[in-house]
Amino acid sequence: MARILIVDDSPTEMYKLTGMLEKHGHEVLKAENGADGVALARQEKPDAVLMDIVMPGLNGFQATRQLTKDPETGHIPVIIITTKDQETDKVWGTRQGARDYLTKPVDEETLIKTLNNVLPG
């Protein structure tokens, strides 16, 4: 299956998302903040990135913009997964290059369906 990078500073969210992904046969890479997420994506070239927004240092909007504007990582689809559910946040996330935007708590069916929509093939 796919290699998915989760970028989230919440151990609880990381645990829940990892469980859902591994159950469906995906390999999971993890980063606890935006800067580490960008570095790991550049190094490992995952098939997709699940990006939180509210994190210390480089936030998810900034990290998404860095990944999607970089020729090395621009092809990797970024899905934002956050508690920020305002329409302005969704618009801003899409402007940063995110391919989709989900709000927490995200259910397994929605997550897998969204992933399948952005993964190549």
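Residues numbered from 1 in each chain as written. Predicted model: local features only at pLDDT ≥ 70, side-chain atom pairs only at ≥ 80, totals over all residues. Heavy atoms only, no water.

Student: Before we move on, could you go through the pairing of strand β1 (residues 3-7) and cite the residues and values that matter?
Tutor: Burial runs high along β1: four of the five residues are buried. Strand direction decides the pairing type here: β1 and strand β2 (residues 27-31), joined by five bridges, are parallel. If you follow Leu 5 over to β2, its bridge partner there is Leu 29. Where the polypeptide runs from β1 across helix α1 (residues 11-23) and back to β2, its parallel neighbour, the crossover connection is right-handed. Relative to strand β3 (residues 48-51), β1 is paired through four bridges, and the arrangement is parallel. Bridge pairing in β3 places Ile 6 opposite Leu 50. (Buried < 20%, exposed > 50% of the residue type's maximum accessible area, 1.4 Å probe, protein only. Helix = DSSP H or I, 4+ residues; strand = E, 2+ residues; numbered from the N terminus. Pairing = 2+ DSSP bridges. Right-handed = clockwise from strand over helix to strand, strands pointing away.)

Student: Can you lay out the nonpolar core for me, pointing to particular residues and giving the numbers?
Tutor: The nonpolar side chains of a soluble globular protein tend to be buried, and buried together. If you look at the biggest cluster of nonpolar residues, it comprises 19 residues, and the most contacted ones within it are Ile 4, Leu 21, Leu 50, Ile 81 and Leu 111. Those elements that provide at least two residues to this core are β1, α1, β3, β4 (78-82) and α5 (108-118). Beyond its immediate sequence surroundings of up to four residues, Ile 81 is in contact with Leu 17, Leu 50, Met 51, Asp 52, Ile 53, Leu 102, Lys 104, Val 106 and Leu 111. Within the second largest apolar cluster, 15 residues are counted, among which are Leu 29, Ala 41, Leu 67 and Val 78. (Core = buried A, V, L, I, M, F, W, Y, C linked by side-chain atoms within 4.5 Å. Contact = heavy atoms within 4.5 Å.)

Student: Just give me the short version of the UniProt feature "domain: Response regulatory" (unreviewed entry) in the protein, but keep the residues and values in it.
Tutor: Within the UniProt annotation, "domain: Response regulatory" (unreviewed entry) is assigned to residues 3-119. Here residues 3-119 runs as 46% helix and 20% strand, with 10 Å between its end C-alpha atoms. (UniProt positions renumbered as here; feature names shortened; annotations may be inferred.)

Student: Mind laying out the sheet that holds β3, listing which residues take part and the relevant values?
Tutor: The pairing of strands in a sheet happens through backbone hydrogen bonds and is either parallel or antiparallel. In space, the five strands of this open sheet follow the order β2-β1-β3-β4-β5, with parallel pairing throughout. This sheet does not close on itself; its edge strands, each paired only once, are β2 and β5 (100-103). Across the sheet, the axes of successive neighbouring strands diverge by a mean angle of 20 degrees, strand direction being ignored. Two elements, β4 and β5, share four bridges in a ladder whose sense is parallel. Bridge assignment links Ile 79 to a residue of β5, and that residue is Asp 100. Contacting β1 and β2, helix α2 (residues 34-44) crosses the sheet at an angle of about 165 degrees to β1. (Axes fitted to C-alpha atoms, helices over the stretch in contact; angles between N-to-C directions.)

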